[in-house]
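Residues per chain, in single letters:
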Amino acid sequence: MMRVHLGGHLDWYDPQKRSWLDVPVQGPITLLALAERLGVPAAEIAIVTVNRRIAKLETDSAGEGDTVEFFPAVGGG
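What you see is a predicted model, and the numbers here were worked out from it, not measured in a lab. (Residues numbered from 1 in each chain as written. Predicted model: local features only at pLDDT ≥ 70, side-chain atom pairs only at ≥ 80, totals over all residues. Heavy atoms only, no water.)

Describing the pattern of salt bridges
Formally: The salt bridge definition used is simple: a Lys or Arg side-chain nitrogen within 4 Å of an Asp or Glu carboxyl oxygen. Secondary structure counts use DSSP, requiring at least four H or I residues in a row for a helix and at least two E residues in a row for a strand, with both numbered from the N terminus. Only protein chains enter the accessibility calculation, which uses a 1.4 Å probe; a residue is then buried when its area is under 20% of its type maximum, exposed when over 50%, and partly exposed in between.
Tallying each qualifying case throughout the model produces two salt bridges. Notably, a salt bridge pairs Asp22 with Arg3, separated by 3.1 Å at the nearest N-O pair. Of this pair, Asp22 sits in strand β2 (residues 20-23) while Arg3 sits in strand β1 (residues 2-6), and the two are 19 residues apart along the sequence. Classification of Arg3 by relative accessible area gives partly exposed; the value is 33%. For Arg18, the salt bridge identified is with Asp14, shortest N-O distance 2.9 Å. By relative accessible area, Asp14 is classed as buried at 6%.

Printed below as a string of C-alpha cells:
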C-alpha cells in the first residue's frame, strides 16, 4: 500500500474528493503513471514529493510503503 496526498485543489480529481488516499501497488510505479492512474493531469502538478523529499514527476518512482504528495502551483498576492 502507498499513501498519496492530493494537495490544494488536486483532491477535486478524486471522485470522493479525498485529500489522502491509500493506493495498492505491485512494485515500483513512476510518479507520472501514478498521477495518471489517479486521474490527476500532469499539467496540474507543480511539486511532488516522495517521503517528504522533492521528486521529479517524469522520472522518479515510488513503491510499497512510500508516501507521495502531489501539489499544484500556488499563487497569491
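Overview of the environment of Tyr13
Our working rule: The criterion used for residue contact is that any of the two residues' heavy atoms lie within 4.5 Å.
Relative to the helices and strands, Tyr13 resides in the loop between β1 and β2. Between the C-alpha atoms of Tyr13 and Val40, which are 27 residues apart in sequence, the distance is 5.9 Å. For Tyr13, the contacting residues outside a window of four places in its chain are Leu38, Gly39, Val40, Pro41 and Glu44.

Describing the environment of Arg37
Definition in use: Any pair of nitrogen or oxygen atoms within 3.5 Å is treated as a polar contact; in protein, a donor-acceptor pairing is required on top of that, and neighbouring residues in sequence qualify only through side-chain atoms on both sides.
Counting through the fold element by element, Arg37 comes out in helix α1 (residues 31-38). Overall, Arg37 belongs to the partly exposed group, its relative accessible area being 45%. Residues Arg37 and Val23, spaced 14 residues apart in sequence, show a C-alpha to C-alpha distance of 9.9 Å. When near neighbours in sequence (up to four residues on either side) are disregarded, Arg37 contacts Val23, Pro24, Val25 and Ile29. Engagement of the side chain of Arg37 in a polar contact is seen with the backbone oxygen of Pro24, the distance being 2.7 Å.

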